[in-house]
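A look at the structure
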Amino acid sequence: QVQLVESGGGLVQAGGSLRLSCAASGRIYRINSMAWYRQAPGKQRALVATISTGGNTNYADSVKGRFTISRDNAKNTVYLEMNNLKPEDTAAYLCYAIVRITDRGYDYQYWGQGTQVTVSS
């Protein structure tokens, strides 16, 4: 099994910054794509940013220019640097990874439990 554990959430004022981390552990042969999603109360889960094994990134329009996703493949960790935070960024942020657990196996999808980010106005 594979576990994803997020950290770094908290309460911050508008205009502030936070850095989220998500560490993967367990039976891992290779981690393919990693991503951050967010879900606010009463809203659907939404994609925030993705990063490929090679470092190619994509962002939701709402966070472009403010958020940066990165990864450390040696540590099986993905990060989300969030700057100029706005109240509308308030949500639970969840880590997502596509993991191959053996060299001959299929890819599996895993989710973290989430870390809360609250931005006050």
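Residues numbered from 1 in each chain as written. Predicted model: local features only at pLDDT ≥ 70, side-chain atom pairs only at ≥ 80, totals over all residues. Heavy atoms only, no water.

1. Here's the deal with the packing of aromatic side chains
Within the structure shown, the criterion is met by three aromatic pairs. Ring centres 5.8 Å apart and planes at 70° place the aromatic pair Tyr37 and Tyr96 in the edge-to-face group. Here Tyr37 is found in strand β4 (residues 30–39), whereas its partner Tyr96 is found in strand β9 (residues 91–100), with 59 residues between them in sequence. For Tyr96, a relative accessible area of 10% translates into the label buried. Counting every residue linked through ring pairs, the aromatic cluster contains Tyr37, Tyr96 and Trp111. One Lys or Arg, Arg19, reaches over the ring of Tyr79 and ends 4.1 Å from the middle of that ring. (Phe/Tyr/Trp six-rings, centres within 6.5 Å; stacked < 30°, edge-to-face > 60°. Helix = DSSP H or I, 4+ residues; strand = E, 2+ residues; numbered from the N terminus. Buried < 20%, exposed > 50% of the residue type's maximum accessible area, 1.4 Å probe, protein only. Lys NZ or Arg CZ within 6 Å of the ring centre and 35° of its normal.)

2. Section: the state of the cysteines
Applying the stated criterion across every chain yields a total of one disulfide. Across a sulfur-sulfur distance of 2.1 Å, Cys22 and Cys95 are joined as a disulfide pair. Every disulfide takes its handedness from the sign of the S-S torsion; for Cys22 and Cys95 that torsion is -85°, giving left-handed. Of this pair, Cys22 sits in strand β3 (residues 18–26) while Cys95 sits in strand β9, and the two are 73 residues apart along the sequence. Across this residue pair, the class does not change: Cys22 and Cys95 are buried. (Disulfide = S-S within 2.5 Å.)

3. Describing the environment of Val5
You can see Val5 is positioned in strand β1 (residues 2–7). Distance from Val5 to Tyr29, taken between C-alpha atoms, is 18 Å for residues 24 residues apart in sequence.

4. Regarding the sheet that holds strand β8 (residues 77–82)
In spatial order, the strands read β1-β3-β8-β7; together these four strands make up an open sheet with antiparallel pairing. Lying at the two open borders of the sheet, with one neighbouring strand each, are β1 and β7 (67–72). When strand polarity is set aside, the average angle formed by the axes of neighbouring strands in this sheet is 15°. (Pairing = 2+ DSSP bridges. Axes fitted to C-alpha atoms, helices over the stretch in contact; angles between N-to-C directions.)

5. A look at the side chain of Arg71
Among the secondary structure elements, Arg71 is positioned in strand β7. For the buried Arg71, which has no salt bridge, the nearest side chain bearing the opposite charge is Asp72, at an N-O separation of 8.2 Å. Only 3.1 Å separates the side chain of Arg71 from the backbone oxygen of Ile31, close enough to count as a polar contact. At 2.6 Å, the side chain of Arg71 and the side chain of Asn73 are in polar contact. (Lys, Arg positive; Asp, Glu negative; His and termini not counted. Salt bridge = Lys/Arg side-chain N within 4 Å of Asp/Glu carboxyl O. Polar contact = N/O pair within 3.5 Å; in protein donor to acceptor, adjacent residues only side chain to side chain.)

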